[in-house]
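Inside the fold
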Amino acid sequence: ENEIKDRIFSEQVMEYSQRQILDLDKSFSFHNFIKGAKEAFKIIVEAYNNKKVEEIKHLLSNEVYDNFKKAVDVRNNSYETFNLSVVSASILNIEVVKNLARIKVKFLSNQKVISDNKTKNLENVKDIWTFEKDMTTNSLVWKLVEVGTD
């Protein structure tokens, strides 16, 4: 892999918030979470850009799914090709309320769009996504509940 080595935590993530998740799940791995978040990011962005939002419904909250569906329906352009490589991901914030954990992640990615035989390279595209999970369930899925750029 030629990806930049991730600093898993931003400076703002305190040990206290890391411990809150570990108190709910002793085997929780932040490294594995970031690895899974990067895979989910790639799958979700590619599905969105290829107008295949139905395929990722299980990864999205109802609100994010509805917003993605509306946005895809509005967009008329279809790319001939869309490629994404995630460059880095880091945890910006961890919030735990009772058994519900929310982790905010910053992604920097390189994206390539080929449309009408024109290639557009977008570098260091910044996305801020929030994933949520009820830590009492056995599900491995963290749902995407919020999407932004700041």
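Quick caveat, the model's predicted, so the values are computed rather than measured.

1. Describing the sheet that holds strand 4 (residues 143-148)
Two strands in a sheet stick together by hydrogen bonds in their backbones, pointing the same way (parallel) or opposite ways (antiparallel). With respect to topology, four strands assemble into an open sheet ordered 1-2-3-4, the strand pairing being antiparallel. Where the open sheet ends on each side, the last strands, each with one partner, are strand 1 (81-97) and strand 4. On average, each strand axis in the sheet is inclined to that of its neighbour by 25°, with strand direction left out of account. Of the pairings in the sheet, the one linking strand 2 (residues 100-115) to strand 3 (residues 118-134) comprises 15 bridges and is antiparallel in character.

2. Quick word on helix 3 (residues 62-74)
Its 13 residues give helix 3 an end-to-end C-alpha distance of 18 Å, which sits within 8% of 18 Å, the value for a rise of 1.5 Å per residue. Restricting attention to buried positions, one finds in helix 3 the residues Val64, Tyr65, Phe68 and Val72. All buried residues of helix 3 lie within an arc of 100° about the axis, which places them on one face of the element. Away from its buried face by more than 90 degrees, helix 3 exposes Asn62, Glu63, Lys70, Asp73 and Val74. Those residues of helix 3 that are buried are in contact with helix 2 (30-49) and strand 4.

3. Focus: the nonpolar core
Within the largest apolar cluster, 38 residues are counted, with the highest numbers of intra-cluster contacts made by Ile21, Phe33 and Phe131. Residue assignment for this core shows that the elements contributing at least two residues are helix 2, helix 3, strand 1, strand 2 and strand 3. When residues in this core are grouped by element, the largest group, ten residues, is from helix 2. Not counting residues up to four positions away in its chain, the partners in contact with Phe131 are Phe33, Ala37, Ala40, Ala101, Arg102, Ile103, Val105, Phe107, Trp142, Lys143 and Leu144.

4. Some details on the confidence of the model for the protein chain
When the pLDDT values of the protein chain are averaged, the result is 87; 91% of them are 70 or greater. Least confident of the elements in the protein chain is helix 1 (residues 15-24), whose mean pLDDT is 87; most confident is strand 4, at 96. Low pLDDT, under 50, characterises residues 1-5; the predicted model gives this stretch four contacts beyond four residues in sequence or across chains.

5. A closer look at the pattern of salt bridges
Under the counting rule described, the total for this entry stands at four salt bridges. With a shortest N-O distance of 2.7 Å, Arg102 and Glu132 are connected by a salt bridge. With a gap of 30 residues between them, Arg102 in strand 2 and Glu132 in strand 3 connect regions that are remote in the sequence. Residue classification places Arg102 among the partly exposed positions, given a relative accessible area of 27%. Across the pair Arg102 and Glu146 runs a salt bridge whose closest N-O atoms are separated by 3.9 Å. With Arg102 in strand 2 and Glu146 in strand 4, this pair connects stretches of sequence that are 44 residues apart. Glu146 gets classed as partly exposed once you look at its relative accessible area, which sits at 37%.

6. Topic: the packing of aromatic side chains
For any pair of aromatic rings, the description rests on two quantities: the centre-to-centre distance and the angle between the ring planes. Taken as a whole and assessed by the stated rule, the structure comprises eleven aromatic pairs. Taking 4.9 Å as the distance between ring centres and 80° as the angle between the ring planes, the aromatic pair formed by Phe28 and Phe30 counts as edge-to-face. The pair Phe28 / Phe30 is uniform in exposure class, with both members buried. Ring centres 5.7 Å apart and planes at 70° place the aromatic pair Phe107 and Trp129 in the edge-to-face group. Taken together, the residues span a long stretch of sequence, with Phe107 in strand 2 and Trp129 in strand 3 at a distance of 22 residues. Summarising the burial analysis for this pair, Phe107 and Trp129 share the class buried.

The rules we used
- Each chain has its residues counted from 1, running along the sequence as written.
- In keeping with the predicted nature of the model, local features appear solely for residues at pLDDT of at least 70, side-chain atom pairs appear and are counted solely at 80 or more, and the whole-chain, interface and lining totals rest on all residues.
- To get the side-chain values, take all heavy atoms of the structure and skip hydrogens and water.
- DSSP calls a pair of strands paired once it identifies at least 2 bridges connecting them.
- By the criteria applied, helices consist of DSSP H or I runs no shorter than four residues and strands consist of E runs no shorter than two, each listed in order from the N terminus.
- Simply put, an axis is a line fit to the C-alpha atoms, just over the touching stretch for a helix, and the angle between two N-to-C directions goes from 0 to 180 degrees.
- Expected span of a helix, by definition, is 1.5 Å for each gap between consecutive residues, and there is one gap fewer than residues.
- Only protein chains enter the calculation, and the probe is 1.4 Å; a residue is then buried if its accessible area is under 20% of its type maximum, exposed if over 50%, and partly exposed in between.
- Here the arc refers to the directions that run from the helix axis out to each C-beta atom.
- Contacts are assigned to residue pairs with any non-hydrogen atoms lying within 4.5 Å of each other.
- To define a nonpolar core, start from buried Ala, Val, Leu, Ile, Met, Phe, Trp, Tyr and Cys residues and group those joined through side-chain atoms within 4.5 Å.
- Values of pLDDT, the confidence the predictor places in each residue, fall between 0 and 100.
- Salt bridges are counted wherever a side-chain nitrogen of Lys or Arg sits within 4 Å of a carboxyl oxygen of Asp or Glu.
- Aromatic rings from Phe, Tyr and Trp, taking only the six-membered ring of Trp, are treated as a pair when their centres fall within 6.5 Å; an angle between ring planes under 30 degrees marks them as stacked, one over 60 as edge-to-face, and anything in between as tilted.

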